[in-house]
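So the chains spell out like this:
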Amino acid sequence: MAHRVRSSRLLGAAVVAGLALTVLTPTAASAQSAAPPNAVLAWNIHAQTAIYEVARQSPTAGTRSFAMAQGAVYDAVNAIAGAPYEPYLVAPRANRGDSVPAAVATAAYRVLLSLFPAQADALRARYDEALAAVPDGRAERGGIRVGAAAAAAMISARRDDVAFPDATWPVGTEPGAYRLTPPGYVQAGAWFAFLKPFAVDNPAAYRVPGPPALTSAAYARQLNEVKSLGAATSTTRTRDQTEAATWWDDYRQVEWYIKRGLAADHRLSPLRTARMLAMVDVATVDAVISCYQQKRHWKFWRPVTAIPLADTDGNPATAADPAWTPLRVTAPSPEWPSGHACYTSAIMTALRTFFGRDSLSFSAYSAASGTTRHYDSLSSARAELIEARIWAGVHYRGATVHGDRLGETVAREVLANEFGRRH
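Predicted model only: the values in this text are computed from it and were never measured.

A. Focus on the packing of helix α3 (residues 39-54) against helix α5 (residues 100-115). Contact pair α3 / α5: the axes reach a minimum separation of 9 Å and the direction vectors enclose 15°. When the axis of α3 is compared with that of α5, the two are roughly parallel. Crossing of α3 over α5 shows right-handed handedness. Where α3 abuts α5, its residues Ala39, Val40, Trp43, His46, Ala47, Ala50 and Ile51 lie against Pro101, Val104, Ala105, Ala108, Tyr109 and Leu112. A breakdown of the residues in the contact of α3 with α5 according to their chemical character gives 12 nonpolar, 1 polar and no charged.

Right, dumping it as structure tokens:
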């Protein structure tokens, strides 16, 4: 089986309330109790708190913030270890005796503070707590110095990176053209297509084939599939498919818990944890930038628009349903390709690159679905995400398939040139 499902409402409530370090699989729990606290995981949780729990950044905008925080943490920890891996930006002067927890806390704190100055008091409280656990002395001072240098390099590198400008999506009225989507009909996230990449030279170089012609049989098949399986009131979607669609669509991204759970399950050292998270987050943000450029290029209408207007597409094999609504809310961005497919594919590709295999066992809880889902391989999770976006009613099959391929392509390109072992 690709996955096993467990109803875990009480356990899940604890995960959400406490933002636990892991997804609380039995193996992860034992690893957590047997090993000293991993400062990299602790500050990844603090980053999630700042980025999503407080600032409520969208999953797309959050990829930039996570990449900045984890890239700086990686450079700091890598430097103290003697820079066995290629630094992302810098390898600050460091001694092997410098405090890793102090370096991690300083790098993450300073990056997060630069992103969220309104959270200064809360972030400072977390930072003071972290440093209070580090003995005073040369090691602490050295760790703070290394972390500060790594953070300064990241903040400088991302200054004027075109984040959050007043960009808008192109909107049209002809059949097939993107329209703003319900319920909010808002312009949001278009700036991400213009964001300076973190690692690749040209995000526009990664292209996907366009959507099928509106009058084609391929288009009719894809529209009718999502119309049937993705409707809020679908009678063809199974209970498990409904749960999977909801589980994957949780704004408190299950991928965050999967990454932390794998680090705990495999008892990764702070250096290996920092490298894994940086690999994943830098690959992911560039994949999403490329994906959003393709969205802007094709600017295709979403199913929530196309199905009620199917009597205008010129295809005799489609029929309009003005009352049709999807199971899940459609994100405010054009179709083609699926941003979530790009995102998850990049993550799974980076994890496979880091661990060197596909056969990894992991679980995560979703408050949106109220359940925990378990997977025995990265590829099975990735394959289910493709289907889940159709079951959710938010994407055509072609958009998810091409998004999945795009995410893999960009991630492989990033990791072919970044985070490798130094020779």
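B. View of the pairing of strand β3 (residues 371-375). β3 sits mainly inside the fold: 5 of its 5 residues count as buried. Of the two faces of β3, the one carrying Thr371, Arg373 and Tyr375 and the one carrying Thr372 and His374 are both buried. Note: strand β2 (residues 362-366) against β3, 5 bridges, orientation antiparallel. Bridge pairing links serine 366 to threonine 371 in β3. Between the antiparallel neighbours β2 and β3 lie 4 residues, among them glycine 370 with a positive phi of about 75°.

C. Looking closely at the nonpolar core. Formed by 121 residues in total, the largest nonpolar core has its most connected members in Leu112, Trp248, Met276, Leu351 and Tyr396. The element that contributes the greatest number of residues to this core is helix α11 (residues 270-298), accounting for 15 residues. When near neighbours in sequence (up to four residues on either side) are disregarded, tyrosine 396 contacts Tyr219, Gln222, Leu223, Val226, Phe300, Trp301, Arg302, Pro303, Ala306, Glu335, Trp336 and Ile390.

D. Examining the side chain of threonine 344 more closely. Inspection of the secondary structure puts threonine 344 in helix α13 (residues 339-355). A relative accessible area of 1% means that threonine 344 is categorised as buried. Ignoring any residue separated from it by four or fewer positions in sequence, one finds threonine 344 in contact with Trp248, Glu255 and Leu385.

E. Spotlight on α13. A rise of 1.5 Å per residue sets the reference length of α13, with its 17 residues, at 24 Å; its end C-alpha atoms lie 24 Å apart and thus fit the reference within 8%. Counted residue by residue, α13 has 15 buried out of 17 residues, so it is predominantly covered. In this structure serine 338 caps α13, since a side-chain oxygen of it lies 3.4 Å from the backbone nitrogen of histidine 340. One or two steps after α13, the chain reaches glycine 356, where phi turns positive at roughly 80°.

F. Up close: the packing of helix α4 (residues 59-80) against α11. Two elements in contact, α4 and α11, have axes separated by 8 Å at closest approach and are oriented at 145°. The chirality of how α4 crosses α11 is left-handed. Along the contact surface, α4 presents Thr60, Thr63, Arg64, Phe66, Ala67, Gln70, Gly71, Val73, Tyr74, Val77 and Asn78, while α11 presents Pro270, Leu271, Ala274, Arg275, Leu277, Ala278, Asp281, Val282, Thr284, Val285, Val288 and Tyr292. Along the lines of polarity and charge, the residues of the contact of α4 with α11 split into 14 nonpolar, 6 polar and 3 charged.

G. Structural view of the environment of threonine 273. For threonine 273, the position within the fold is in helix α11. In this structure the C-alpha to C-alpha distance between threonine 273 and lysine 259, which are 14 residues apart in sequence, comes to 9.3 Å. Contact partners of threonine 273, with chain neighbours within four places excluded, come to Asn38, Val40, Leu41, Ala263 and Leu268.

H. Representation of the pairing of β2 within the structure. By the criterion of burial, β2 is predominantly enclosed, with 5 of the 5 residues buried. The two faces of β2 match: Phe362, Ala364 and Ser366 on one face and Ser363 and Tyr365 on the other face are all buried.

Procedures and definitions
Along each chain, numbering runs from 1 in the same order as the chain's sequence is written. Per-residue local features are limited, in this predicted model, to residues with pLDDT of at least 70; the limit for side-chain atom pairs, both in listing and counting, is 80 or more; totals at the level of whole chains, interfaces and linings are taken over all residues. The basis for every side-chain value is the complete set of non-hydrogen atoms in the structure, without hydrogens or water. Every axis corresponds to a line fitted to the C-alpha atoms, with the helix fit spanning only the stretch in contact, and the corresponding angles, defined between N-to-C directions, vary from 0 to 180 degrees. Helix numbering and strand numbering both begin at the N terminus, where a helix is a DSSP run of H or I of at least 4 residues and a strand a DSSP run of E of at least 2. Oblique is the label for any angle not covered by the other classes, which are roughly parallel (under 35 degrees), roughly antiparallel (over 145) and roughly perpendicular (65 to 115). If you view the pair so one helix is near and one far, a crossing is left-handed when the near helix is turned anticlockwise from the far one by less than a right angle, and right-handed when it is turned clockwise. The contact criterion used throughout is that any non-hydrogen atoms of two residues lie within 4.5 Å. Only Asp, Glu, Lys and Arg are considered charged in this grouping, and only Ala, Val, Leu, Ile, Met, Phe, Trp, Tyr, Cys and Pro are considered nonpolar; every other residue, Gly among them, is considered polar. For the exposure calls, accessible area comes from a 1.4 Å probe over protein chains only, and a residue counts as buried if that area is under 20% of its type's maximum, exposed if over 50%, partly exposed in between. Here, a strand pair is defined by DSSP locating no fewer than two bridges between the strands. In this text, buried Ala, Val, Leu, Ile, Met, Phe, Trp, Tyr and Cys residues form a nonpolar core when linked through side-chain atoms within 4.5 Å. To estimate the expected span of a helix, count its residues, drop one, and scale the result by 1.5 Å. What qualifies as a polar contact is a pair of N or O atoms within 3.5 Å, subject to a donor-acceptor requirement within protein and to the restriction that residues adjacent in sequence count only when both atoms come from side chains.

In short, the description is geometric, and any link to function would need to be established separately.
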